[in-house]
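Fold and geometry: a report
The chain contents come next:
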Amino acid sequence: MKRLSLFAVQFLAAALVGSVCGPSLRAQSDIAITASVSHAFTIGTQTLGAGTYRFSQGSDAFLLSVINVKTGEQKLFTVLPEQHGDFAQQGYLRFRTVGESSVLSEIHFSGTDVFSAVVQKQKPERRLAKKSSAKDTVSVAQR
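Residues numbered from 1 in each chain as written. Predicted model: local features only at pLDDT ≥ 70, side-chain atom pairs only at ≥ 80, totals over all residues. Heavy atoms only, no water.

With that out of the way, let us pick up a nonpolar patch on the surface. On the surface, Phe62, Leu80 and Val119 cluster together to form a nonpolar patch covering roughly 250 Å² of accessible area. Relative to the assigned elements, Leu80 resides in strand β6 (residues 74–83). (Patch = residues over 30% accessible without salt bridge, like charges linked within 9 Å, V, L, I, M, F, W, Y side chains within 5 Å. Areas by Shrake-Rupley, 256 points an atom, 1.4 Å probe, with all protein chains shown as cover. Salt bridge = Lys/Arg side-chain N within 4 Å of Asp/Glu carboxyl O. Helix = DSSP H or I, 4+ residues; strand = E, 2+ residues; numbered from the N terminus.)

Tallying each qualifying case throughout the model produces 2 salt bridges. Of the charged contacts in the structure, one is a salt bridge between Glu73 and Lys75, with a shortest N-O distance of 3.3 Å. For Lys75, a relative accessible area of 25% puts it in the partly exposed group. Between Arg94 and Glu106 there is a salt bridge, with its nearest N and O atoms 3.1 Å apart. Separated by 12 residues along the polypeptide, Arg94 in strand β7 (residues 92–98) and Glu106 in strand β8 (residues 101–108) bring together distant segments of the chain. Among the residues examined, Arg94 registers a relative accessible area of 39% and is labelled partly exposed. Overall, the relative accessible area of 17% leaves Glu106 in the buried class. (Buried < 20%, exposed > 50% of the residue type's maximum accessible area, 1.4 Å probe, protein only.)

Attention shifts here to the pairing of β8. Of all the 8 residues making up β8, 7 are buried; the element is thus mostly covered by neighbouring parts of the structure. For β7 and β8, the ladder comprises 7 bridges, and the chain directions are antiparallel. Residue pairing in the sheet places Tyr92 in a bridge with His108 of β8. Hairpin geometry of β7 and β8 is characterised by an intervening segment of 2 residues between the two adjacent antiparallel strands and by a positive phi of about 65 degrees at Gly99. As judged from the 3 bridges shared by β8 and strand β9 (residues 114–118), these two strands associate in the antiparallel manner. Paired with Glu106 across the strands is Ala117, a residue of β9. Between β8 and β9, which pair antiparallel one after the other, the connecting turn spans 5 residues, and Gly111 there sits at a positive phi close to 75 degrees. (Pairing = 2+ DSSP bridges.)

Moving on to the packing of aromatic side chains. For any pair of aromatic rings, the description consists of the separation of the ring centres together with the inter-plane angle of the planes. Inspection of every chain in the model, using the stated rule, returns 3 aromatic pairs. For the ring pair Phe41 and Phe95, a centre distance of 5.7 Å and an interplane angle of 75 degrees mean the geometry is edge-to-face. Of this pair, Phe41 sits in strand β2 (residues 41–43) while Phe95 sits in strand β7, and the two are 54 residues apart along the sequence. The class of Phe95 is partly exposed, set by a relative accessible area of 28%. Plain terms: the ring middles of Tyr53 and Phe55 are 6.3 Å apart, the flat faces sit at 50 degrees to each other, and that makes the pair tilted. (Phe/Tyr/Trp six-rings, centres within 6.5 Å; stacked < 30°, edge-to-face > 60°.)

Looking now at the side chain of Ser56. Assignment of secondary structure puts Ser56 in strand β4 (residues 51–57). Accessibility expressed as a relative area gives 13% for Ser56, which makes it buried. Beyond its immediate chain neighbours, meaning those up to four positions away, Ser56 contacts Ile31, Ala32, Leu63, Leu64, Ser65 and Phe109. (Contact = heavy atoms within 4.5 Å.)

In structure tokens:
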């Protein structure tokens with residue numbers, strides 16, 4: 001009987017801690033930023049047009065939800081959650097220029113030290129092998 005009551009006390013203590021900490025943990029993991037982007041940009045292998053987008057990172061920190069505010073269209077992208085020492089007063093997006101494309105590389109969320117680095121999927125490149133000349137050839141024999 002003592003063992004059962006000890007278990008009940010531990011269970012109630014865990015439930016109490018979970019109810020106190022639970023909402024704050026959820027609030028920290030549900031972060032978002034809404035931004036107007038004036039140019040077309042690429043995320044992963046998809047290109048999105050200029051417009052206003054809501055970027056949010058929910059309970060799965062490795063997924064970024066991007067919603068076009070005007071159309072309501074949602075897309076999911078793989079990200080790597082990162083932390084840096086400084087809290088961002090305002091959220092912002094960081095782009096890289098690759099050739100003539102603008103590639104979204106990081107999303108910094110306001111009021112947190114969290115940002116998401118976008119995982120860029122590489123498009124397969126076609127490489128052609130060139131014919132080697134006789135002087136570029138090396139023969140190896142096994143003894």
